[in-house]
Amino acid sequence: MSLLSQHFSFIYPWRTYQDRFLKEFDTHLEDDHLHVVAPPGSGKTVLGLEMVQRLNKKALILSPTLTIRNQWHERMQECFVKDTNCVETSFDIKNPETLTFSTYQSLYSFFKNDLEFSSEKLVTFFQKAGIGTLVLDEAHHLKNEWWKPLFSLKDLENCTLIALTATPPYDSEQSEIKKYFDLCGPIDMEIGVPELVREGNLCPHQDYIYFSEPEAEQIRYIITYRENLMAFVNDLKTNQEFIEFVQKHPFYAETEANLDEIYKNPECFSALLIYLNATGIEIPVTKTEFLGIEAKKVAFPSLTYSWVEALLNPFLIENREFYVEDEVVLLSIEKQLRKIGAFDLNRINLIGEQSLYRKLAQSPSKLKSIVEIVKMESENLKSGLRMVVLSDYIRKEFLEVQHTQSITEINKLGVVPIFQFVRNAIEKEADFPLKQEKLGVLTGSLIIIHNSVVDELSAIISVENFSQEILWETEFVIIKPNVAGSKEMVSAMTQLFETGSIEVLIGTKSLLGEGWDAPAINTLILASFVGSFVMSNQMRGRAIRVHPLQHDKVANIWHIACVDPTSETGGVDIALLLRRFEAFCGISLEGDPYIENGADRLKLMQETHHDVVALNSKMKQLAAARHLVSKRWENAIGDGDILVRELKLNYNKKQTHGMLKKLYFKDALTFVLFELTALFTITLPELFFKNFTALLSKGVLYFVYALVLGFAMILLPKTVKAVALYLKYGRRDKELLKIAQALKEAMVAHKLISETEHKVSLKVDEFEDGSLSCYLVGASAKEGILFVNYLQEVINSIENPRYIISQANWLRKKLGFSNYYSVPKVFGERKADAQVFFSIWLRYNGPAQLVFTRNLEGRKLLLKARFQSYQEEDQVTCKTALIWK
């Protein structure tokens, strides 16, 4: 029976990337999941409808909002059907038809009120309705209770799940990320921004960051917080009552009798030992032997804030009921934590990112940053400027800033504070390039325009549909639409903006951040600090759409960040902003053009965050050259063909002395030979000529002895370090290649990679800073994504896999070196699969041992592996990245 094929067909030509996905449709369908990631403006809705048509089964299509739900129906009518009555549709989830359009909230309400939270009733209802396709649009950051009915629907017989999103929830907690991928399945394809720019569906664009420094009061708050935190940890190390409490903990007092529990909670046991070691107590060898460590002297990690959290969480939160007898001790510590603001919502947070983030994210200094950006962009584009500033809150309490008040009394970020700061700058600075009448505000409950623009608004909306109220002692008026006017007001204000009557429009992300369309936008300021970077990506999508009337459009997207001057890395506001950059691809800022996701393309880590003036000057200079952005996109796209998922490895060292860094990144022995060559070709002749007189007076033998002794003192420590590093790690690029080769072959054997049509190859790239990247060439999008995810599992620090590989040849064993690797979960579920993976591993990586970690001996080695990762100064960090190749 054909439900859709006869009357339901896409009436336009497919874009290249859409056609590529559809050609591999049957392959993606093998696991009954279709998971597509595509940026705003890529046409993922029509792609979703085409998948529904090809599956040819009744479909339930769920969206996060009514607006997006309606867009699905509109796209169906515009792009697929000539006669709207030829396909039966429904917006009522209780009365499903061939295509049912609804929301997650409606599904949950039906599940709660009509089906009494019964998963069985839910499945039975939709089974009887004949639903065979489930479409989930942006199924993340949902309310916790909404997840249950969605997972229940996966039990529908012969049901295929289609998941579409612009941004997977990578910024969420690990539990949220896991939940999302458990529901939607692995990603089948990522449609990249470069393809959309190449095909003219998105305009060239660039992201910039404008930095500010907190006010003096905020700096004092941050310094005080950090001082209190240090004092707390120092007091904890000398708290005799707490030390005695920890010493009588069963894990420490009766270690051998509690091995099963210790091996289930290795982090807790490690935290106990690290804390007691920090207090000056010598840890008996018998304790560390249970970690599998045979050395008499163990190099314990320092007691960082993370370890203090791991130590205190079980006592104060997770298992507090077990320590009633010691409540006095624990209550005292809790009070200290609450006093300094490190105990909140049943969570110990010594790093203080939430508290500090709120201070920095809402810093009034950001208001000055916005004024500077408006001024600069207005000077550059003049009447061609079409800027939107998006913020989280309106802040109506700052509407009436009277002349007797200082603008500096505004101490929060929001729509009205931004408006007031920009308006004030225009009034006070005679040469400010933006005119007052070009400034406007548009939110769901507040609309402000200059009084000279009212006539233009009246030409679009009847004056009977809105009233005016003068804004306190200004030339601006507040527009108050009635019911009829409210329906037209957003469209009317958009028209004023598109035609240039308003050049800078300030609004809320809730109204303008998603679904609002104004192709004329060429500059966007994201003054938002609430919400996920999924929303950031949606907001960026407003600016990077093409403008049919301006073919050479280039968009500037400004992010604002407040630098923490007390932090070496710039602080939590910077950290969160850099994390959000992972959500979107863009062109590199300088140097050879390349396209990649993340903030690495801005090369901010090469700068000092503390030199805010220099950074901002550089950003403004680059932002002024919009024509170069187009050329950079054109050059970068021309050199590539497809967006590739790769794994990037960085080797972080606390010491970054040039020679040690090189030893770690490259073949260590090569650099020793290099240094020897330098000594004998440069240093030795120089010493000879400088000490020629001493040579004649004391004799050649004396001079030779002195040289040998000096060289030994210089070279011996470096040579020992070099050889030790080489024996332990080998060459990083070669080690990575061997691991990747083993994984790729195991995936082929497991039918996770197909080589029937063409050979799939591996590529490892090495960069100037010593970092490496690894990816597949010739693989499908899904194969490339799975490969990178599994490779990350292998290389990441050991957590709790079912199988681990202990890698050490004879010489490394004698020297006490062992490297530990996780067997990816996909190969670790069954012993036979783990052994196949291991047999391939041996061929590429040499002698090793496969260890099952769910027995006593295995857990002992697992604990040793985890503790070793805590000890290592040289940490390997890896992350997945998207790059245009």
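In case you missed it, the structure is sitting above this.
Treat the numbers as computed from the prediction; the structure is a model and nothing was measured.

### With respect to the environment of alanine 459
In this structure, alanine 459 sits in helix α21 (residues 454-460). On the basis of relative accessibility, which here comes to 70%, the residue alanine 459 falls in the exposed class. Counting along the chain gives 33 residues from alanine 459 to alanine 492, while the straight-line C-alpha distance between them is 9.5 Å.

### Details of unusual backbone geometry
With a phi close to 55 degrees, asparagine 158 is a non-glycine residue in the positive phi region. Looking at the secondary structure, you find asparagine 158 in the loop between α7 (147-153) and β6 (160-165).

### Some words on the sheet that holds strand β5 (residues 131-137)
Within the open sheet, the seven strands sit side by side as β3-β4-β2-β5-β6-β1-β7. Their pairing is parallel. In this open sheet, the two edge strands, each paired with only one partner strand, are β3 (89-90) and β7 (189-190). Here two bridges tie strand β1 (residues 33-37) to β7, and the two strands are oriented parallel to one another. Paired with valine 36 across the two strands is methionine 189, which belongs to β7.

### A short note on the sheet that holds strand β25 (residues 819-822)
Here three strands make up an open sheet; going across it, the order is β25-β24-β26 and the pairing antiparallel. Looking along the sheet, the strands with just one partner apiece sit at the ends: β25 and β26 (848-852). Sheet twist, expressed as the mean angle between neighbouring strand axes with direction ignored, is 25 degrees.

### Things to note about the pairing of strand β4 (residues 99-103)
When you tally the buried positions in β4, you get five out of five residues, the bulk of the element. Going residue by residue along β4, you find Leu99, Phe101 and Thr103 tucked away on one face and Thr100 and Ser102 tucked away on the opposite face as well. Pairing of strand β2 (residues 58-63) with β4, which is carried by five bridges, proceeds in the parallel orientation. Bridge pairing in β4 links leucine 62 to serine 102. Pairing analysis gives two bridges linking β3 to β4, with the strands arranged parallel. Bridge pairing links serine 90 to threonine 100 in β4.

### As for the packing of aromatic side chains
Counting across every chain of the model gives 29 aromatic pairs. Ring geometry for tyrosine 108 versus phenylalanine 117: centroids 6.2 Å apart, planes at 55 degrees, classification tilted. Their ring planes at 45 degrees and their centres at 6.3 Å tell us that phenylalanine 497 and tryptophan 516 sit as a pair that is tilted. Highlighted residues: phenylalanine 497 in helix α22 (residues 483-499) and tryptophan 516 in the loop between α23 (509-512) and β17 (523-527), separated in sequence by 19 residues. Residue phenylalanine 497 is classed as buried on the basis of its relative accessible area of 0%. Using a relative accessible area of 7% as the deciding quantity, one classes tryptophan 516 as buried. The ring of phenylalanine 584 carries arginine 540 above its face, with NZ or CZ at 3.8 Å from the centroid.

### Description of the packing of helix α3 (residues 44-55) against helix α4 (residues 66-79)
Viewed as axis vectors pointing N to C, α3 and α4 meet at an angle of 75 degrees, and their least axial separation amounts to 10 Å. Taken together, the axes of α3 and α4 lie roughly perpendicular to each other. Every residue of α4 that contacts α3 at Thr45, Val46, Gly48 and Leu49 is listed here: Trp72, Arg75, Met76 and Cys79. The class makeup of the residues in the contact of α3 with α4 is five nonpolar, two polar and one charged.

### Notes on the pairing of β17
Of all five residues in β17, five are buried, a share of seventy percent or more. Of the two faces of β17, both are covered, the one formed by Thr523, Ile525 and Ala527 as well as the one formed by Leu524 and Leu526. The pairing of strand β11 (residues 387-391) with β17 spans five bridges and is parallel. Note on β17: the bridge partner recorded for methionine 387 is threonine 523.

### Quick word on the packing of helix α10 (residues 216-238) against helix α16 (residues 305-318)
For any two helices packed against each other, one specifies the crossing angle of their axes together with the interaxial distance. At a minimum axis distance of 12 Å, the contact between α10 and α16 shows a crossing angle of 55 degrees. Relative to α16, α10 is oriented oblique. In this structure, the crossing between α10 and α16 has a hand that is left-handed. When α10 is examined against α16, the residues Arg226, Leu229, Met230, Phe232, Val233 and Leu236 are found in contact with a partner set consisting of Tyr305, Val308, Leu311 and Leu312. Residue classes in the contact of α10 with α16 are distributed as nine nonpolar, no polar and one charged.

### What to know about the side chain of serine 822
When you line up the elements, serine 822 lands in strand β25. Apart from the residues within four sequence positions on either side, serine 822 is in contact with Glu793, Val794, Ile798, Pro801, Tyr803 and Ile804.

### Considering helix α27 (residues 626-638)
Between the first and last C-alpha of α27 there are 19 Å, a value that for 13 residues agrees with the 18 Å anticipated at 1.5 Å per step. Buried within α27 are the following residues: Arg626, Val629, Arg632, Trp633, Ala636 and Ile637. Buried residues along α27 cover an arc of 120 degrees about the axis, so they all sit on one side. Exposed and facing more than 90 degrees away from the buried side of α27 are His627, Glu634 and Gly638.

### Considering the side chain of arginine 542
Structurally, arginine 542 can be placed in helix α24 (residues 533-543). Buried charge arginine 542 goes without a salt bridge, the closest partner of opposite sign being aspartate 517 at 5.4 Å. Of the polar contacts made by the side chain of arginine 542, one reaches the backbone oxygen of tryptophan 516; its length is 3.1 Å.

Cut-offs applied
- Residues numbered from 1 in each chain as written.
- Predicted model: local features only at pLDDT ≥ 70, side-chain atom pairs only at ≥ 80, totals over all residues.
- Heavy atoms only, no water.
- Helix = DSSP H or I, 4+ residues; strand = E, 2+ residues; numbered from the N terminus.
- Buried < 20%, exposed > 50% of the residue type's maximum accessible area, 1.4 Å probe, protein only.
- Pairing = 2+ DSSP bridges.
- Axes fitted to C-alpha atoms, helices over the stretch in contact; angles between N-to-C directions.
- Phe/Tyr/Trp six-rings, centres within 6.5 Å; stacked < 30°, edge-to-face > 60°.
- Lys NZ or Arg CZ within 6 Å of the ring centre and 35° of its normal.
- Parallel < 35°, antiparallel > 145°, perpendicular 65-115°, else oblique.
- Contact = heavy atoms within 4.5 Å.
- Nonpolar A, V, L, I, M, F, W, Y, C, P; charged D, E, K, R; others polar.
- Left-handed = near helix turned anticlockwise from the far one by under 90°.
- Expected span 1.5 Å × (residues − 1).
- Arc of directions from axis to C-beta.
- Lys, Arg positive; Asp, Glu negative; His and termini not counted.
- Salt bridge = Lys/Arg side-chain N within 4 Å of Asp/Glu carboxyl O.
- Polar contact = N/O pair within 3.5 Å; in protein donor to acceptor, adjacent residues only side chain to side chain.

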